[in-house]
Amino acid sequence: MLQDDAAAPAQPEGWAEPVATALLVLADGTILEGFGIGATGEAAGEVCFNTAMTGYQEILTDPSYAGQIVTFTFPHIGNVGTNDEDLESLDAAPASGVRGAVIASAVTNPSNWRSSRHLDGWLKARGIVGITGVDTRALTALIRDRGMPNAILANDAQGRFDRAALTAKAAALPPMEGLDLVPPVTSRESQAWGETAWQHPAGYGSRAAGEGLKVVAIDYGVKRNILRLLAKAGCDVTVVPATASAEEVLALKPDGVFLSNGPGDPAATGEYAVPVIRALLDHKVPTFGICLGHQLMGLALGGRTVKMSQGHHGANHPVKDHTTGKVEIVSMNHGFAVDPSSLPANAVETHVSLFDGSNCGLSLTDRPAFSVQHHPEASPGPQDSHYLFDRFVSLMRETKGSNA
């Protein structure tokens, strides 16, 4: 039973009520108090939740999270520290697509042989605002019930906040629909990629250029490990900016084109990306897309994309591959989905989510192209979906052989 103030027990002598040094202020006026970590100041974005138990550093450097504040449902974030290797953004400079991080438990000192820095210092260096001490289970339930809200995450060591002003700022934020968030995270210029996947104890490897299939990767916010697995599969990879024209891509004489992951509303990015993809498909260049690249391919075929209520963010998603009949445990990170009913007859649905039945893959019957919504490079299965990179290589070799 709740007690009134008169009957409340006195606080022990010397007790000091902890002061909230960070706030997560939702657009509807809900305010969650906690303790600041990482960079001070304010961060604005859409709040989503990620259910992965590992890989927080990769999540926090994934460019697909541009414009978002990530809530970690797993409480023990930061326990293995951070290092200089597990970065997913192509630009290794202190910058990240993630606007902020919401964490349940206080971050402990790291315990891992690869750790080189505490999460707090790493977040500060990358300019990421964070909050700990939040009931992330309640926040996750709220998102499940109401969808992903806009919010302001504020961190001030003295706990000085204008709550009314922060609420007004959160309410004034634009919705994710209509936002093209690719320009801040794409490459500024073309570059070759030769780094391969991490192997114990040597670390990341490399391959010599000029011996493999030529792949042009259009960078909408590409993850490093995607490029590593393309290189490991025997590809000579050239990364080009998201604004590269079809003529610029074709001038590189690619054996295949890769359409990368990325943030924001695919329909907004599609204003300039879709005509390029259509031209490449018309030239029958073997094409493979992941995540945003999958959505853009769907749009290029005349389909449509829809905003999801809570999205898919985590490393425990079951997806069925209709071409093999197998179920894979995959990593996902998307807030939009391709509407399969909008796809033309030459687009076949190849993968489907076993959580909600949403589309997770397609292939074309008349052109050498396919794509998937999930992230086969993230290895939660641990390597259930790596075959997709070999499938892309086989498609390029078959096409190259038939054109010889």
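Residues numbered from 1 in each chain as written. Predicted model: local features only at pLDDT ≥ 70, side-chain atom pairs only at ≥ 80, totals over all residues. Heavy atoms only, no water.

- The chain carries the name Carbamoyl phosphate synthase small chain in an unreviewed UniProt entry, which gives Methylobacterium platani as its organism.
- Per UniProt, the chain has the following entry under Sequence similarities (unreviewed entry): "Belongs to the CarA family." (UniProt positions renumbered as here; feature names shortened; annotations may be inferred.)

## Digging into the overall build of the chain
Reasoning step 1: Looking only at helices and strands, the chain features 9 helices and 19 strands.
Reasoning step 2: In terms of overall size, the chain behaves like a compact globule, its C-alpha atoms giving a radius of gyration of 22 Å where 404 residues would be expected to give roughly 22 Å.
Reasoning step 3: Over its C-alpha atoms, taken along the principal directions, the chain stretches across nearly 90 × 45 × 40 Å.
Reasoning step 4: Sequence separation of at least 24 residues holds for 75% of the intrachain contacts in the chain that already meet a minimum separation of 6.
Reasoning step 5: Side chains of the chain carry 29 positive and 43 negative charges; the gap between the two charge centres is 5 Å. (Helix = DSSP H or I, 4+ residues; strand = E, 2+ residues; numbered from the N terminus. Rg over C-alpha atoms; globule rule 2.2 N^0.38 Å. Contact = heavy atoms within 4.5 Å. Lys, Arg positive; Asp, Glu negative; His and termini not counted. Charge placed at Lys NZ, Arg CZ, Asp CG, Glu CD.)

## Let's talk about the UniProt feature "binding site: L-glutamine" (unreviewed entry) in the chain
Reasoning step 1: Per the UniProt record, the feature "binding site: L-glutamine" (unreviewed entry) sits at Ser64, Gly262, Gly264, Leu292, Gln295, Asn333, Gly335 and Phe336. Spatially, the listed residues are clustered: although they cover 273 residues, their C-alpha atoms lie within 13.0 Å of one another.
Reasoning step 2: With respect to the helices, strands and loops of the structure, Ser64 is situated in the loop between α1 (56-60) and β4 (68-72).
Reasoning step 3: Among all residues touching Ser64, those that are not within four sequence positions of it are Asn261, Gly262, Pro263 and Asn333.
Reasoning step 4: Relative to the helices and strands, Gly262 resides in the loop between β13 (256-259) and α7 (266-282).
Reasoning step 5: Filtering out sequence-adjacent residues up to four positions away, Gly262 remains in contact with Ser64, Tyr220, Gly221 and Leu292.

## Considering the sheet that holds strand β11 (residues 213-219)
Reasoning step 1: Taken together, 10 strands build an open sheet; the order of strands is β8-β12-β11-β13-β14-β19-β18-β17-β15-β16 and the sheet is mixed. Each edge of the open sheet carries a strand with a single partner, namely β8 (191-193) and β16 (326-338). The mean angle between the axes of side-by-side strands here comes to 25°, regardless of whether they run parallel or antiparallel.
Reasoning step 2: Where helix α8 (residues 292-300) meets the sheet, it contacts β13, β14 (287-290), β15 (305-321), β16, β18 (359-364) and β19 (369-372), and its direction lies at approximately 120° from that of β14. (Pairing = 2+ DSSP bridges. Axes fitted to C-alpha atoms, helices over the stretch in contact; angles between N-to-C directions.)

## Section: the confidence of the model for the chain
Where the model shows low pLDDT, its predicted coordinates should not be examined in detail.
Reasoning step 1: For the chain, per-residue confidence averages 94 on the pLDDT scale, and 96% of positions sit at 70 or higher.
Reasoning step 2: pLDDT under 50 marks residues 1-7. Its contacts with residues more than four places away, or in other chains, come to 2 contacts. (pLDDT = per-residue confidence, 0-100.)

## Here we look at the UniProt feature "active site" (unreviewed entry) in the chain
Reasoning step 1: The feature "active site" (unreviewed entry), as given by UniProt, occupies Cys291, His375 and Glu377 in the numbering adopted here. Across 87 residues in sequence, these annotated residues keep their C-alpha atoms within 11.5 Å of one another, forming a single compact spot.
Reasoning step 2: Turning to its location among the elements, His375 is positioned in the loop between β19 and α9 (387-403).
Reasoning step 3: Sequence-distant contacts of His375, that is, excluding residues within four places in its chain, are made with Lys223, Ile226, Asn261, Ile290, Cys291, Ser331, Met332 and Asn333.
Reasoning step 4: Taking relative accessible area as the criterion, Glu377 reaches 1% and is therefore assigned buried.
Reasoning step 5: Sequence-distant contacts of Glu377, defined by excluding residues within four places in its chain, comprise Lys223, Asn225, Ile226, Leu229, Ile290, His386 and Phe389. (Buried < 20%, exposed > 50% of the residue type's maximum accessible area, 1.4 Å probe, protein only.)

## With respect to the domain arrangement of the chain
Reasoning step 1: Partitioning the chain into structural domains gives domain 1 (22-172) and domain 2 (191-403).
Reasoning step 2: The distance between the C-alpha centroids of domain 1 and domain 2 comes to 28 Å.
Reasoning step 3: Taken together, the contact pairs 25 residues of domain 1 with 28 residues of domain 2.
Reasoning step 4: Roughly 2,000 Å² is buried in total at the junction of domain 1 and domain 2, and carbon and sulfur atoms are behind 49% of that figure.
Reasoning step 5: On the domain 1 side of the interface with domain 2, the three residues burying the most area are Ser64, Glu88 and Leu90, jointly 33% of the side's total.
Reasoning step 6: For the pair domain 1 and domain 2, the interface holds 1 salt bridge.
Reasoning step 7: At the junction of domain 1 and domain 2, the tally comes to 13 residue pairs in polar contact (both at pLDDT 80 or more). (Domains from an automatic or database assignment. Buried area = accessible area lost by both parts, 1.4 Å probe. Salt bridge = Lys/Arg side-chain N within 4 Å of Asp/Glu carboxyl O. Polar contact = N/O pair within 3.5 Å; in protein donor to acceptor, adjacent residues only side chain to side chain.)

## Looking at the environment of Val222
Reasoning step 1: Relative to the elements of secondary structure, Val222 occurs in the loop between β11 and α5 (224-232).
Reasoning step 2: The spatial distance from the C-alpha of Val222 to the C-alpha of Ala242 is 10.0 Å, given a sequence separation of 20 residues.
Reasoning step 3: Not counting the four nearest positions on each side in its chain, Val222 is found in contact with Pro63, Glu88, Leu90, Leu227, Phe258, Ser260 and Asn261.

## As for the pattern of salt bridges
Reasoning step 1: Per the counting criterion, the structure on display carries 16 salt bridges.
Reasoning step 2: Note that Lys223 and Glu377 form a salt bridge whose closest N and O atoms lie 2.9 Å from each other. Taken together, the positions of Lys223 in the loop between β11 and α5 and Glu377 in the loop between β19 and α9 put the pair 154 residues apart, joining distant regions of the chain.
Reasoning step 3: A relative accessible area of 7% means that Lys223 is categorised as buried.

## Things to note about α5
Residue pairs three or four apart in sequence face the same way in an α-helix, which turns once every 3.6 residues.
Reasoning step 1: The element α5 is largely enclosed, with a buried count of 8 among its 9 residues.
Reasoning step 2: Among the residues of α5, Arg224, Asn225, Ile226, Leu227, Arg228, Leu229, Leu230 and Ala231 are the ones counted as buried.
Reasoning step 3: The positive-phi residue at the C-terminal boundary of α5 is Gly234, with phi of around 100°.

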